[in-house]
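# Notes for the structure review
Letter by letter, the chains look like this.
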Amino acid sequence: MVRPPLTAAERERGRRLGALLRSARGDRSPAEIAAASGVSLEALRKIETGRVPTPTFFTVAALARALDVPLERLAAIDEPAEGSLAS
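First, a word on scope: everything that follows refers to the structure included in this document. Residue indices begin from 1 for each chain and proceed along its sequence in written order. In keeping with the model being predicted, local features are shown solely for residues with a pLDDT of at least 70 and side-chain atom pairs are shown and tallied solely at 80 or more, while totals for entire chains, interfaces and linings include all residues. Think of the side-chain values as coming from all heavy atoms in the structure, minus any hydrogens and water.

## A look at the pattern of salt bridges
Just to be clear on terms, a salt bridge is a Lys or Arg side-chain nitrogen sitting within 4 Å of an Asp or Glu carboxyl oxygen. Applying the stated criterion across every chain, the model contains 4 salt bridges. Here Glu12 makes a salt bridge to Arg16, at a shortest N to O gap of 3.9 Å. Highlighted residues: Glu12 and Arg16, both in helix H1 (residues 8–25), separated by 4 residues, approximately one helical turn. Arg16 gets classed as partly exposed once you look at its relative accessible area, which sits at 32%. Salt bridges here are not isolated pairs; linked through shared partners, they connect Glu12, Arg15 and Arg16. Secondary structure counts use DSSP, requiring at least four H or I residues in a row for a helix and at least two E residues in a row for a strand, with both numbered from the N terminus. Here's how the labels work: a residue is buried when its accessible area is under 20% of the maximum for its type, exposed when over 50%, partly exposed in between, all with a 1.4 Å probe on protein chains only.

## Notes on the packing of H1 against helix H4 (residues 57–67)
All axes here are fitted lines through C-alpha atoms, helices being fitted over the stretch that makes contact, and every angle between N-to-C directions spans 0 to 180 degrees. Interaxial distance between H1 and H4 falls to 10 Å at its minimum, and their mutual angle equals 25 degrees. Considering the angle they form, H1 stands roughly parallel to H4. Where H1 crosses over H4, the handedness of that crossing is left-handed. The residues of H4 that touch H1, namely those facing Leu17, Leu21, Ala24 and Arg25, are Val60, Leu63 and Leu67. Residues belonging to the contact of H1 with H4 are distributed by class as follows: 6 nonpolar, no polar and 1 charged. By definition in this entry, angles of less than 35 degrees are roughly parallel, angles greater than 145 are roughly antiparallel, angles of 65 to 115 are roughly perpendicular, and the rest are oblique. By convention, the crossing between two helices is left-handed when the near helix turns anticlockwise from the far helix through less than a right angle, and right-handed when the turn is clockwise. Any two residues whose heavy atoms approach within 4.5 Å at even a single point are treated as in contact. Residue polarity follows a fixed list, in which Ala, Val, Leu, Ile, Met, Phe, Trp, Tyr, Cys and Pro are nonpolar, Asp, Glu, Lys and Arg are charged, and the others, Gly among them, are polar.

Function cannot be inferred from these measures alone, as they are strictly geometric.
Here it is in structure tokens:
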């Protein structure tokens with residue numbers, strides 16, 4: 001099965017997710033969060049850098065739990081930025 005190419009919006013959403021996760025991690029190391037979440041260190045690095053812009057729900061949920069970030073906050077990356085015009 002061939003995966004369709006990601007859209008620019010999906011890639012941008014992945015970059016926003018990665019930035020939010022890095023910010024939530026604070027001064028904790030990626031290895032610490034990987035161990036606490038059960039997500040591999042390599043997967044976490046790829047998500048944080050936007051190379052995996054569409055991680056699975058269970059991966060995101062595990063990271064949210066390890067980072068003590070509500071899933072609603074992570075879901076909000078899909079909402080239009082403050083001050084942008086809605087169609």
